[in-house]
Amino acid sequence: MKRLRDLPIRMKLLALIALSSMLSLLVAGAVMVAYDLVIYKRNSIASAQTLGEMVGSISSAALAFGDRKAAVEYLGTLRARRDIQCAALYTANGQLFATYQRNPQSSCVFGAAQAAGASVVDDELLLYHGITERGERLGTVYLRANLDRTARALRYAAVVGAVLVGALLLGLFGSSLMRRSISQPLMEMAEVAQAVTQRRDYSLRAVKRSSDEIGQLTDAINQMLAQTERSAGELQRANERLLSEIMEHLHARDEVSALNATLEQRVTERTQQLEMSNKELQSFSYSVSHDLRTPLRAIEGFSSALLRNHASQLDGRGQDYLQRVRAATQRMSLLIDDLLSLARTTRAEMKRRDIDLSELAQKSARELQEAHPERQVNFIIEPELKADADPQLIRVVLDNLLGNAAKFSGKKPDARVEFGRTLHNGADTYFVRDNGVGFDMNYAGKLFGVFQRLHSSAEFEGTGIGLANVHRVIARHGGTIWADSEPGRGATFFFTLPNPSSGDVHAEDHPAGRGQP
Amino acid sequence: MPKIILLVEDNPDDEELTRMALEQSNIANQLVVAHDGVEALDYLFGTGPYAGQSAPALPTVVLLDLKLPRVDGLEVLQRIRKEERTRRLPVVILTSSKEEQDVLDSYGYGANSYIRKPVEFDKFFEATRQLGLYWLVLNEAPPPNGSH
């Protein structure tokens, strides 16, 4: 069985109303019945006495005259009263004079006359009433009336029951009214709450039907819903913003990756192109290395053979021409070597490591002295100079700078070539200084260009490629190179080799400065 | 038995210069010239025009150019080193280039020496002279039927 608290409010209210009204009706009914029974008894007694007096009054003559027939007749008029079951007249000395019995079931017992008075015994009223006339007692009237209080009480009970049923019906009616004014709004609110929960539709509102507590509750719920709707709306907007931001982000990411893919493809293509042209360059250098040298060797070799084995058949001029042919082929050979070296410094992979510049410079100087024993050059090399660089490429730099210095100072009796380190604008700067012929700074801009020469071949041999090569190597190390000179007072070449890990290198092929910075 | 020099050289000028240098250095050995890789291999392995005859005597030294028509010098070198008969044959690379890769490959495939032909004839002459002297006179060649 459902517990009371789980019953719908409507039923609770109905039960409450029914219980209270039934209780009050029952109490009221009981009190009324009790009171009525008391009054009824009193009234019955009074009515019986009046009746007794009346009977006595009309029967006094019959008593006085001993006229039994008339007395019975008079008593017979009591038939009009249904409650009177038995009646009797006694003479003054207490002799039974006449009797009346309403019906045989009345089972009247007529005993001796008793003193006047009324008594109630077993729901029956017994009345003895003295008949007097002018102070003379003529006899006694006896009446026995059926009070029938049980029936009366039952009638009352029926009335109370009917009232109870009526009250109950009224209660049901009231409950249905209440249902409309209490349960209905509550149910509606419950439905709204459920709908909101299920559909997340915060725009739903409960209908307000009254201004009572339920109305206030409806208002409160609606306010809460409005608040929630606002919050949900804000949340929704925030979500949408976030979503659109995420979408934008994803879109941007896609674009970036698409761009990256394109970029990667382009890089791959360019790399392939570069690799191709690198390969072409490589096979070109290879061909140059092999094929250009072979005819040179033939020209040189046979000119030489002519001079060696057939000199007698040539005059002095012819021999001079052949010497010129030989010299030209040797210059050509040098040119090819230098060009190949330039190509190599451009394409060779850089392998930087800690190297001892002083040691490399020493080696280079030693080789120069061996190659040109005719020069009297004093090499002064500062010891312990270290750098982070590619040793093979740096050899190209040192060979060229030291070679140039020796070449341009070699004709002096006290030729001196110096290699060392100094500070320039706070940066470690290496230098190669000579006390040779120097050059005019007006032409410093041409120093590092390919095939650019500041001296004639007759004065000093050279191809005009060496410094271009040096410049390229320094540039590939992220450094700069410049020179300072004055004709007749020697020249100084400065260069830097920034440490790649210290971050002061911009790019591998950062252009090295030309002339003085 | 005269010592044979096998010169593998496609350029007639270089061939003549080498011949001249050897003659003037008084190295009077028999000079066999192969003009490309195929000829060189035919001579060494008794194939092609040399087939059918008893295999020609192995040279004392092979002077091998790298840039050759048909089969190039490096491949000739590889074949020489692969065959049991020629495995220990002294091979001197005599070429125009001194490209690092060529030098590395030559030694990698088992060349005994690498000489860059100088352009200057005096130097070329000197190089050829020293070369002949070293490989034909000073150097003790591996025994022709030597086992491992």
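Above this text you will find the structure in question.
Residues numbered from 1 in each chain as written. Chains lettered and ligands numbered in written order. Predicted model: local features only at pLDDT ≥ 70, side-chain atom pairs only at ≥ 80, totals over all residues. Heavy atoms only, no water.

A.B. asks: Is there a simple way to think about unusual backbone geometry in this case?
C.D. replies: Only a minority of non-glycine residues have a phi that is not negative, and only a minority of peptide bonds are not trans. We note that Asn425 of chain A has phi near 50 degrees; this positive angle belongs to a residue other than glycine. Among the secondary structure elements, Asn425 of chain A is positioned in the loop between strand E9 (415-424) and strand E10 (427-434). The backbone of Arg70 of chain B sits at a positive phi, close to 65 degrees, despite the residue not being glycine. Assignment of secondary structure puts Arg70 of chain B in the loop between strand E3 (61-64) and helix H3 (73-82). For Arg70 of chain B, a relative accessible area of 63% gives the class exposed. (Helix = DSSP H or I, 4+ residues; strand = E, 2+ residues; numbered from the N terminus. Buried < 20%, exposed > 50% of the residue type's maximum accessible area, 1.4 Å probe, protein only.)

A.B. asks: Help me understand the packing of aromatic side chains in this model?
C.D. replies: Where two aromatic rings form a pair, the distance of their centres and the angle of their planes describe that pair. In the structure shown here, the tally under the stated rule is 10 aromatic pairs over all chains. Ring centres of Phe121 of chain B and Phe125 of chain B lie 6.2 Å apart, and the angle between their planes is 45 degrees; on these two criteria the pair is classed as tilted. Remark: Phe125 of chain B and Phe121 of chain B occur in helix H5 (residues 121-138); sequence separation between them is 4 residues, near one turn of the helix. Take Phe121 of chain B and Phe125 of chain B: they sit in the same class, and that class is buried. Members of the aromatic cluster, joined through ring pairs, are Phe110, Tyr128 and Tyr142 of chain A. The ring of Tyr40 of chain A carries Arg152 of chain A above its face, with NZ or CZ at 4.3 Å from the centroid. Positioned above the aromatic ring of Phe125 of chain B is the side chain of Arg308 of chain A, whose terminal nitrogen or guanidinium carbon lies 4.5 Å from the ring centre. (Phe/Tyr/Trp six-rings, centres within 6.5 Å; stacked < 30°, edge-to-face > 60°. Lys NZ or Arg CZ within 6 Å of the ring centre and 35° of its normal.)

A.B. asks: Before we go on, may I ask you to explain the sheet that holds E9 of chain A in this structure?
C.D. replies: Pairing between the strands of a sheet comes from backbone hydrogen bonds, and it takes one of two forms, parallel or antiparallel. All names here are of chain A. Strand order in the open sheet made by the 5 strands is E7-E9-E10-E12-E11, with mixed pairing throughout. The open sheet has two free edges, formed respectively by strand E7 (377-381) and strand E11 (481-485), since each of these has just one partner strand. Strand-to-strand, the axes of this sheet are offset by a mean angle of 20 degrees, without reference to chain direction. In this sheet, strand E12 (residues 491-495) lies alongside E11 in antiparallel orientation, the contact comprising 5 bridges. By the bridge assignment for E12, Asp484 is matched with Thr492. The sheet contacts of helix H6 (residues 357-371) involve E7, E9 and E10, and relative to E7 the element is tilted by about 170 degrees. (Pairing = 2+ DSSP bridges. Axes fitted to C-alpha atoms, helices over the stretch in contact; angles between N-to-C directions. Contact = heavy atoms within 4.5 Å.)

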